[in-house]
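These are the residues of each chain, in order.
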Amino acid sequence: MASLLPLVQTRSNTVNFFMRRSGPELWKTLTSVSKSGQKKGRRLLSIAEQTEDEIRDSMGGVKKILEEKDTGKKKRNREKLHPMERGFSGTQLVGQKLGAPPPVDGVDFDDFETYCLEVKRTSNMTNVFGRVHTMSALVVTGNGRGLAGYAVGKAPIHRTTTAIINGMGMASRKIFHVELHEGRTIYQDFYAECRNTRVFAQRRPRGFGLTCHPRLIKICEAIGIKDIYVKVEGSTKNYLALTHAFVTGLLNQETHQQLAERKGLHVVEMSPSRHFLPQIVASPISAELKTEETLEALDRLNLDDFYGEGRYPLRKPKALPFFSNLEGHLDARWRKHPFRNQESTMIRLIADNMVPRWTRDARAAWAEQRNERMTTGVEPMPLGIGLSHVVPKKED
């Protein structure tokens, strides 16, 4: 019976150069020099065999190199930073505190703090070298008390640190001063724009904090602003335009005293902490105070409308819940409709001492007393829509 296993062909007469020669003869072909080579001056090459210890050491070195590799990258011992000292993206330099800028013309900046807002690669097309790539770094520095400056530093490609250092030097030579209200916020709300970036800045009470773009938070910390709300619309990733728009709005604002001198009026603040009672914060000194007859319509505007140029940030309405249009929810709202003004009526009656307590007995007594006054003619009957006259009730 024939076998079902497939036929495997093997060669048993394989003969080549390495099988015809012994080991020493093959080793001699590597170490020896031919006759023609000796005539040309070639030297004998001596190759020594590796010992077992050398082979073990070399294999250990290769193993160590492979262990150090982590997906093709070497492990670097990075310094661990506190969460409050990290940048915008982990351990990157963007957003970290970089210290004081270098001295300029003998002037030290020891009390200044520097932040890097952006690092990117830029390119320029030239007719000689073609496309030339450079590194660009946006840097802001300030002392936290109104003095600050920002600039863009550049350096050759892959020289990020050099670009940041150049930006720190340029920012220290472009220092400007910002007036701060109470040393913590801006004087009035303002609107500013640069390219496609629009900024709406609003001052906030003490303890509110910084609620704005992450780059604007670093700028506010460098300037010294502690309480502010900034709404950014349009392009939010053009950080240079964002910085320029915000700084332009800060520099264009004027103090309460400057406003009083320019308009010739008292600057009055109505704060909710004082129950909106008017309080004069600035009065004209050198300018003449205007009277009621000389006031214009523009002088009666609110400061927020005057400085905001009629622009307001877009406030999207809150999304309705999923059950807002369901039949059961609409029925419940319709049942509550007759009592929609009950809360405001309760507050008004208690505030006017009409009802001592919001109880059924107190309300019934007040209604009976009022009915008696209207019946005797002491208090007139209120005539509203659909109630043009009063028809007396017929007695049985």
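Conventions and cut-offs
Residues numbered from 1 in each chain as written. Predicted model: local features only at pLDDT ≥ 70, side-chain atom pairs only at ≥ 80, totals over all residues. Heavy atoms only, no water. UniProt positions renumbered as here; feature names shortened; annotations may be inferred. Helix = DSSP H or I, 4+ residues; strand = E, 2+ residues; numbered from the N terminus. Buried < 20%, exposed > 50% of the residue type's maximum accessible area, 1.4 Å probe, protein only. Contact = heavy atoms within 4.5 Å. Areas by Shrake-Rupley, 256 points an atom, 1.4 Å probe, with all protein chains shown as cover. Phe/Tyr/Trp six-rings, centres within 6.5 Å; stacked < 30°, edge-to-face > 60°. Lys NZ or Arg CZ within 6 Å of the ring centre and 35° of its normal. Salt bridge = Lys/Arg side-chain N within 4 Å of Asp/Glu carboxyl O. Pairing = 2+ DSSP bridges. Axes fitted to C-alpha atoms, helices over the stretch in contact; angles between N-to-C directions. Parallel < 35°, antiparallel > 145°, perpendicular 65-115°, else oblique. Left-handed = near helix turned anticlockwise from the far one by under 90°. Nonpolar A, V, L, I, M, F, W, Y, C, P; charged D, E, K, R; others polar. Patch = residues over 30% accessible without salt bridge, like charges linked within 9 Å, V, L, I, M, F, W, Y side chains within 5 Å.

The protein chain appears in an unreviewed UniProt entry as Small ribosomal subunit protein uS5m from Caenorhabditis remanei. Per UniProt, the protein chain has the following entry under Subcellular location (unreviewed entry): "Mitochondrion". What UniProt records for the protein chain under Sequence similarities (unreviewed entry) is the sentence "Belongs to the universal ribosomal protein uS5 family."

### Section: the overall build of the protein chain
Summing up its helical and strand segments, the protein chain has 12 helices and 12 strands in all. Taking all 396 residues of the protein chain together, the buried fraction comes to 27%. Across the protein chain, contacts joining residues at least 24 apart in sequence account for 50% of those joining residues at least 6 apart. Of the roughly 30,300 Å² of accessible surface on the protein chain, 54% is carried by carbon and sulfur atoms.

### Points about the packing of aromatic side chains
Counting across every chain of the model gives 5 aromatic pairs. Taking the centre distance of 5.2 Å and the plane angle of 85° together, the rings of Phe322 and Phe323 count as edge-to-face. When its relative accessible area of 74% is taken as the criterion, Phe322 is described as exposed. The ring of Phe208 carries the charged tip of Arg204 above its face, separated from the ring centre by 5.5 Å. Directly above the ring of Phe88 sits Arg215, whose terminal nitrogen or CZ lies 4.0 Å from the centroid.

### A word on the pattern of salt bridges
In this structure the tally under the stated criterion is 8 salt bridges. Salt-bridge contacts for Glu182 lead to Arg206; the nearest nitrogen and oxygen are separated by 3.3 Å. In this pair, Glu182 sits in the loop between β6 (176-177) and β7 (190-194) while Arg206 sits in the loop between β8 (197-203) and β9 (210-211), placing the two residues 24 residues apart along the sequence. Of the residues examined, Arg206 reaches a relative accessible area of 60% and is grouped as exposed. The partner of Arg203 in a salt bridge is Glu269, with the nearest N and O atoms 3.4 Å apart.

### Comments concerning the sheet that holds β7
Strands belonging to one sheet form pairs held by backbone hydrogen bonds; the direction of such a pair is parallel or antiparallel. Strand order in the open sheet made by the 4 strands is β7-β8-β10-β9, with mixed pairing throughout. Only two strands of the sheet have a single neighbouring strand rather than two, namely β7 and β9. Here β7 runs beside β8; their pairing, made up of 5 bridges, is antiparallel. Opposite Cys194, over in β8, you have Thr197 as the bridge partner. Packed on one face of the sheet, helix α7 (residues 239-252) meets β7, β8 and β10 (228-234) and runs near 145° to β7.

### Section: the pairing of β7
Two faces belong to every sheet, and in a regular strand the side chains alternate between them. Counted residue by residue, β7 has 4 buried out of 5 residues, so it is predominantly covered. Between β7 and β8, which pair antiparallel in sequence order, lie 2 residues; one of them, Arg195, sits at a positive phi of approximately 55°.

### Describing the packing of helix α6 (residues 214-223) against α7
Running from N to C, α6 and α7 cross one another at 40°; their axes reach a closest spacing of 10 Å. Considering their axes alone, α6 and α7 lie oblique with respect to each other. As for the relative orientation of α6 and α7, their crossing is right-handed in sense. Contacts between α6 and α7 involve Arg215, Leu216, Ile219, Cys220 and Ile223 from the former and Tyr239, Leu242, Thr243, Phe246 and Leu250 from the latter. Looking at the contact of α6 with α7 residue by residue, the class counts come to 8 nonpolar, 1 polar and 1 charged.

### Some details on the environment of Gly209
Among the secondary structure elements, Gly209 is positioned in the loop between β8 and β9. Taking the C-alpha atoms as reference, Gly209 lies 8.9 Å from Ile225; in sequence the two are 16 residues apart. Residues contacting Gly209, with those up to four places away along its chain left out, are Lys226, Asp227 and Ile228.

### Notes on α6
It helps to recall that an α-helix has 3.6 residues per turn; residues three or four apart then point in one direction. When you tally the buried positions in α6, you get 7 out of 10 residues, the bulk of the element. Turning to α6, its buried residues number three or more, namely Arg215, Leu216, Lys218, Ile219, Cys220, Ala222 and Ile223. Buried residues along α6 sit in contact with β3 (113-126), β4 (130-142), β5 (147-156), β9, β10 and α7. Directly after α6, the chain includes Gly224, whose backbone phi takes a positive value near 115°.

### Topic: a nonpolar patch on the surface
Taken together, the side chains of Val268, Met270, Phe276 and Ile280 make up a nonpolar region of the molecular surface, amounting to roughly 420 Å² of accessible area. Here Val268 lies in strand β11 (residues 267-270). With a relative accessible area of 42%, Val268 lands in the partly exposed category.

### Some thoughts on the sheet that holds β5
Pairing in this open sheet of 4 strands is antiparallel, and the strands run β3-β4-β5-β6 from one edge to the other. Both outer strands of the open sheet, β3 and β6, are each paired with one neighbouring strand and no more. Looking at chain direction, β3 and β4 are connected through 13 bridges and run antiparallel. Across the sheet, Glu118 pairs through a bridge with Leu138, a residue of β4. On the sheet, helix α5 (residues 160-172) packs against β3, β4 and β5 and is oriented at approximately 145° with respect to β5.

### Observations regarding unusual backbone geometry
The phi dihedral of Phe276 falls on the positive side, at around 60°, and the residue is not glycine. Here Phe276 shows up in the loop between β11 and β12 (278-282). Positive phi, normally seen in glycine, also occurs at Asn353, with a value near 60°. With respect to the secondary-structure elements, Asn353 resides in the loop between α11 (342-351) and α12 (360-376). Judged by relative accessible area, which is 69%, Asn353 ranks as exposed.

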